[in-house]
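The lines below spell out each chain.
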Amino acid sequence: MNAVLKLLLTSLIVALALPATAQVRIKDIVTVEGVRSNQLVGYGLVVGLNGTGDSLRNSPFTQRAIEGMLERLGIGNLTEDQMRTANTAAVMVTADLPPFARAGASIDVVVSSLGDASSLRGGTLIVTPLSAADGEIYAVAQGPIAVAGYAAQGLNASIVEGVPTGARIENGAIVEREVDFAFNDLDRVLLALRNPDFVTAKRVESVINAELPGAATAIDSRTIAIELSGKVSMVEMMAYIEPLLVEPDQVAKVIIDARSGTIVIGANVRIDRVAVSQGGLTVTVRDDFNVSQPESLSIGGTTVIVPNSSVGVEKRDAKFAVIDGSVSLQRLVDGLNAIGVGATETISILQAIKAAGALHADLEII
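Procedures and definitions
- Residues numbered from 1 in each chain as written.
- Predicted model: local features only at pLDDT ≥ 70, side-chain atom pairs only at ≥ 80, totals over all residues.
- Heavy atoms only, no water.
- Pairing = 2+ DSSP bridges.
- Helix = DSSP H or I, 4+ residues; strand = E, 2+ residues; numbered from the N terminus.
- Axes fitted to C-alpha atoms, helices over the stretch in contact; angles between N-to-C directions.
- Contact = heavy atoms within 4.5 Å.
- Patch = residues over 30% accessible without salt bridge, like charges linked within 9 Å, V, L, I, M, F, W, Y side chains within 5 Å.
- Areas by Shrake-Rupley, 256 points an atom, 1.4 Å probe, with all protein chains shown as cover.
- Salt bridge = Lys/Arg side-chain N within 4 Å of Asp/Glu carboxyl O.
- Buried < 20%, exposed > 50% of the residue type's maximum accessible area, 1.4 Å probe, protein only.

Enquirer: Hey, could you go over the sheet that holds strand 12 (residues 188-193) for me, with residue numbers and the actual values?
Expert: Across the sheet, four strands lie side by side as 2-12-14-13; this open sheet has antiparallel pairing. Unpaired on one side and paired on the other, strand 2 (30-32) and strand 13 (216-218) mark the two borders of the sheet. For this sheet the average axis-to-axis angle between neighbouring strands, irrespective of direction, equals 25 degrees. Of the pairings in the sheet, the one linking strand 12 to strand 14 (residues 223-227) comprises five bridges and is antiparallel in character. Along strand 14, the bridge assignment pairs valine 189 with isoleucine 226. Contacting strand 2, strand 12 and strand 14, helix 4 (residues 234-241) crosses the sheet at an angle of about 30 degrees to strand 12.

Structure, rendered in C-alpha cells:
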C-alpha cells in the first residue's frame, strides 16, 4: 500500500511540474536584424556529359558560352561544325551566402539546366562566379555535380525518375568576399517574430525583462527592440536571451489544401452551435463499345463501332449531426467524424460553416 501511495504522489508531483501549454525557445520564433543569408546567382557550363547535353542549334547561348570559354583558354576561331558537341550544358547556379561567412569558407550550390539537356548526370561544373544583387562577386563555384534523378530512353519507351536536369554540389563554392557587418559593435538590435502577434510580442518582452530588466521593448506585433545592458557585448547578450522559454500565442486558423485533401485545424478554432447534414447522389456513367460486322456475302456492308452507354445512380441517405457551440478542437473533429464524411466533404462543410458565420477562425485555402 505504501509503495502504491508513493507512486501516486510521485505521479502527481510530475504532473504538476509539467507546463500547461507548450513553451519554446525565443531563438525558434524570432529572427535577428541583420543576421540573414544573401542569395547568389551565376551562369556556367557543365561538361563531361554522356551525350545528354544541350543541342547547340536549339541553345545558341550554350554555343556562345563555349566560344567565350575556349577563347579565354587560348583556343579560338572554331567553326560551327568544329563545335558540334552534345556533352555540354548551360546551367544557372544558385547559392545562399550564410551570415558571417568568411573568405575561404565553403557553401553548397544548386545547379539547374537552362537549355534542352536531358540529364546532368556525370557532369562537372566549370568555374562559375556567383554574384549578389549589388553585382559584386562573393563566391566561385566548381566541381562534380550529384544528380538525384535519372532518365533512360530506348527506341519505343523512356523512363524518367526525379529531375535529372537539377543537381547539387555539396561545398561546391568558395567564399571570396565577406559581407561587412560588425554585429558585436551594435548597442541595439531588433527581434522579428516569424508569426506576428501582439500577445506573443508582449510575452517575449516580459520574459526578457524578467531576466534583464529594461532590456526589451515590444514595438509592434512583429518587432521587439533589445538594448545593450551592462558591460556585456551584444553577442553575449543574445546568447543569454535566445534560450529563454516563452509561450507563443496562436491565431485561430483552418488551413485547407484542396488538391491533396489535407486539413489542418488550429487548437483555438471555435464554432457556434450548428446542425450539419451531408448526403447526396453518386452518378456513374459507363461507356462500352461493341463491334457490328456485316453478314457474310453481304454487298456494301462495313464494320462499325456501336457505343453502348449505361448510367447508374446511387442514392446516399443524408445524415444530420448537431455540433455544440464553442466546442474544442477535439469535439469539432469528433462531430465531423460522427457524420462519416471524407476529406472532400469535410472541406465543403467547413466552408459552409464559415459562410454561415459560425466558424470563428481564418479559413485559408492553399
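Enquirer: Describe a nonpolar patch on the surface, and please don't skip the residues or the numbers.
Expert: A cluster of nonpolar side chains, namely Tyr43, Phe61 and Leu114, defines an oily patch on the protein surface of about 250 Å² accessible area. Relative to the assigned elements, leucine 114 resides in the loop between strand 5 (106-113) and strand 6 (124-131). The class of leucine 114 is partly exposed, set by a relative accessible area of 39%.

Enquirer: So, the sheet that holds strand 22 (residues 362-365): which residues are in play, and what are the values?
Expert: The sheet built from three strands is open, its strands ordered 17-16-22 with mixed pairing. At either end of the open sheet lies a strand with only one pairing partner, and these are strand 17 (262-265) and strand 22. With strand direction ignored, the average angle separating the axes of adjacent strands in the sheet is 10 degrees. In the sheet, strand 16 (residues 253-257) pairs with strand 17 via four bridges, with the strands oriented antiparallel. Looking at the pairing, isoleucine 256 lines up with isoleucine 263 of strand 17.

Enquirer: Describe in detail the pattern of salt bridges, supporting the description with residues and values.
Expert: It is possible for side chains of opposite charge to pair when their charged atoms get near one another. Tallying each qualifying case throughout the model produces ten salt bridges. We note a salt bridge from arginine 168 to glutamate 170, for which the minimum N-O separation is 3.4 Å. With a shortest N-O distance of 3.5 Å, glutamate 364 and lysine 253 are connected by a salt bridge. Of this pair, glutamate 364 sits in strand 22 while lysine 253 sits in strand 16, and the two are 111 residues apart along the sequence. Exposure remark for lysine 253: the relative accessible area of 31% places this residue in the partly exposed category.

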